[in-house]
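Residue-level structural notes
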Amino acid sequence: MSNRRDFIKKTTLGTLALSSVLGYSGFAKNKDEEADLENPIKKQKKPVIISTWNHGLPANQESWKELQAGKSALDAIEAGMKIPEANPNVRSVGYGGYPDREGKVTLDACIMDHNSNCGSVCFLQGIMHPISVAKRVLQNTPHVMLAGQGALQFALAEGFKEENLLTPESEKDWKKWLEDSKYKPVINIENHDTISMLMLDKDGNLSGGCTTSGAAWKMHGRVGDSPIIGAGLFLDNEVGAAAATGLGEAVIRTAGSAMVVELMRQGKSPFDACKEITERIYNKHKNHKDMEYLQVGFIALNKNGEHAGYSLRSGFNYAISDEEKGHRMEDAKFKMSWDK
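Summarised in this report is the structure supplied together with it. (Residues numbered from 1 in each chain as written. Predicted model: local features only at pLDDT ≥ 70, side-chain atom pairs only at ≥ 80, totals over all residues. Heavy atoms only, no water.)

**Comments concerning the overall build of the chain**
Summing up its helical and strand segments, the chain has 10 helices and 13 strands in all. A burial count over the chain gives 53% of its 340 residues as buried. Taking the intrachain contacts of the chain between residues at least 6 apart in sequence as the baseline, contacts between residues at least 24 apart amount to 66%. Here the chain has roughly 16200 Å² of accessible surface; of this, 50% comes from carbon and sulfur atoms. (Helix = DSSP H or I, 4+ residues; strand = E, 2+ residues; numbered from the N terminus. Buried < 20%, exposed > 50% of the residue type's maximum accessible area, 1.4 Å probe, protein only. Contact = heavy atoms within 4.5 Å. Areas by Shrake-Rupley, 256 points an atom, 1.4 Å probe, with all protein chains shown as cover.)

**Some words on helix α5 (residues 130-140)**
Burial within α5 is extensive, with eight of its 11 residues counted as buried. Those residues of α5 that sit buried are P130, I131, S132, V133, A134, K135, V137 and L138. At its buried positions, α5 is contacted by α4 (73-85), β2 (107-112), β3 (118-124), β4 (145-147), α6 (148-157) and β6 (206-212).

**Observations regarding the packing of aromatic side chains**
Taken as a whole and judged by the stated rule, the model has five aromatic pairs. Centroid distance W53 to F316: 5.0 Å. Interplanar angle 65°. Geometry classified as edge-to-face. Of the two residues, W53 is situated in the loop between β1 (48-52) and α3 (56-68) and F316 in the loop between β10 (307-313) and β11 (317-322); the sequence distance between them amounts to 263 residues. As far as burial versus exposure is concerned, W53 and F316 are alike and both buried. (Phe/Tyr/Trp six-rings, centres within 6.5 Å; stacked < 30°, edge-to-face > 60°.)

**Quick notes on the sheet that holds β4**
If you walk across this open sheet you meet the eight strands as β4-β3-β2-β6-β5-β1-β11-β12, and the pairing is mixed. Each having just a single partner strand, β4 and β12 (326-331) make up the two edges of the open sheet. The mean angle between the axes of side-by-side strands here comes to 10°, regardless of whether they run parallel or antiparallel. As defined by bridge partners, strand β5 (residues 195-200) adjoins β6 across six bridges and the pair is classed as antiparallel. (Pairing = 2+ DSSP bridges. Axes fitted to C-alpha atoms, helices over the stretch in contact; angles between N-to-C directions.)

**Thoughts on the pattern of salt bridges**
Counted according to the given criterion, the structure contains 19 salt bridges. Two residues, R253 and D290, come together in a salt bridge whose shortest N-O distance is 3.5 Å. Of this pair, R253 sits in helix α8 (residues 248-254) while D290 sits in the loop between α10 (270-285) and β9 (296-302), placing them 37 residues apart in sequence. The class of R253 is partly exposed, set by a relative accessible area of 43%. Here the salt bridges do not stand alone but share partners, grouping D75, E78 and K135 into one network. (Salt bridge = Lys/Arg side-chain N within 4 Å of Asp/Glu carboxyl O.)

**Some details on the nonpolar core**
Counting 30 residues, the largest nonpolar core has I111, V121, L124, I127, V133, M197 and M199 as its most contacted members. Each residue touching I111, except ones within four places of it in the same chain, is listed here: L74, I77, N117, C118, G119, I131, A134, K135, L138, G208, G209 and L233. V239, A273, I277 and L294 belong to the second largest nonpolar core, which has 24 residues in total. (Core = buried A, V, L, I, M, F, W, Y, C linked by side-chain atoms within 4.5 Å.)

**Here we look at α6**
Those residues of α6 lying buried are G148, A151, L152, F154 and A155. One face of α6 carries all of its buried residues, which in axial projection span an arc of 160°. Turned more than 90 degrees from where α6 packs its buried face, Q149, Q153 and A157 sit exposed. Just past α6, the residue G159 takes up positive phi, approximately 100°. (Arc of directions from axis to C-beta.)

Below, the structure is given as structure tokens:
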């Protein structure tokens with residue numbers, strides 16, 4: 001028995017001594033320090049906002065202003081996205097967006113918060129701000145997505161005003177297109193496409209939104225990836241957020257944004273995750289009929305505030321806003337140029 005007591009006593013003393021040495025050597029003493037040791041990546045000071053394309057810059061600026069005024073992330077995203085939605089010169093979002101083959105402007109949008117609450121509308125007509133309707137779906141219904149006439153009915157019941165979204169300029173372009181009626185949805189030639197926004201707020205929570213008038217000259221009733229949670233937008237507040245731009249059909253086929261987030265969950269950086277899913281889309285479409293005009297791009301933002309963008313073809317850029325460098329544009333790296 002005495003030998004057993006001596007053994008326990010010696011083991012305990014040895015453990016205490018080892019603990020003292022480890023503590024003195026700078027090993028983690030609390031959970032925060034453990035987390036820092038496990039993830040030595042430098043954390044970006046919050047908040048951080050990233051949005052697709054040139055029209056993401058004024059959207060970011062408005063969202064930033066709302067955040068600084070103490071508004072919630074969802075309110076800030078809504079305010080920012082309403083800027084391009086109301087701008088008739090942004091021909092792929094909201095008012096003034098290019099119509100479908102029948103000359104009708106149809107809109108898609110979605111929004112998602114850090115608790116994975118989602119709201120979405122698709123094939124919505126006559127409402128200038130689909131992002132606001134999507135937010136009301138999140139807040140005021142038990143559903144995630146409302147479509148077409150049902151989405152319009154809900155919007156009107158919520159107090160939105162129905163109006164004509166087809167501007168004279170877009171109508172003129174549509175009539176010109178009718179002369180040949182060739183459908184080739186070339187993306188980013190004029191820096192026009194979906195606006196997607198990802199946000200890491202001051203509390204370290206992720207949110208996101210997406211809004212678009214979709215592909216020009218599409219078939220009436222077509223819905224792209226933008227309002228589909230998991231395709232055009234996805235986030236997991238434990239990991240990160242991602243959003244897509246480009247040909248929606250290609251993004252839907254790969255559940256693109258959800259896959260980017262899943263790769264970040266597995267430890268990949270935002271850049272590597274965006275690049276890998278873009279490569280996956282390329283491999284699935286390199287012999288596809290869409291390849292001639294295929295463009296897709298992703299933006300991603302993780303919980304550390306790291307961000308990135310990557311696209312299949314050249315020309316994709318995105319807006320970044322943070323306290324360190326302010327508001328600016330960055331060109332995304334890409335797999336290939338348009339002439340290949």
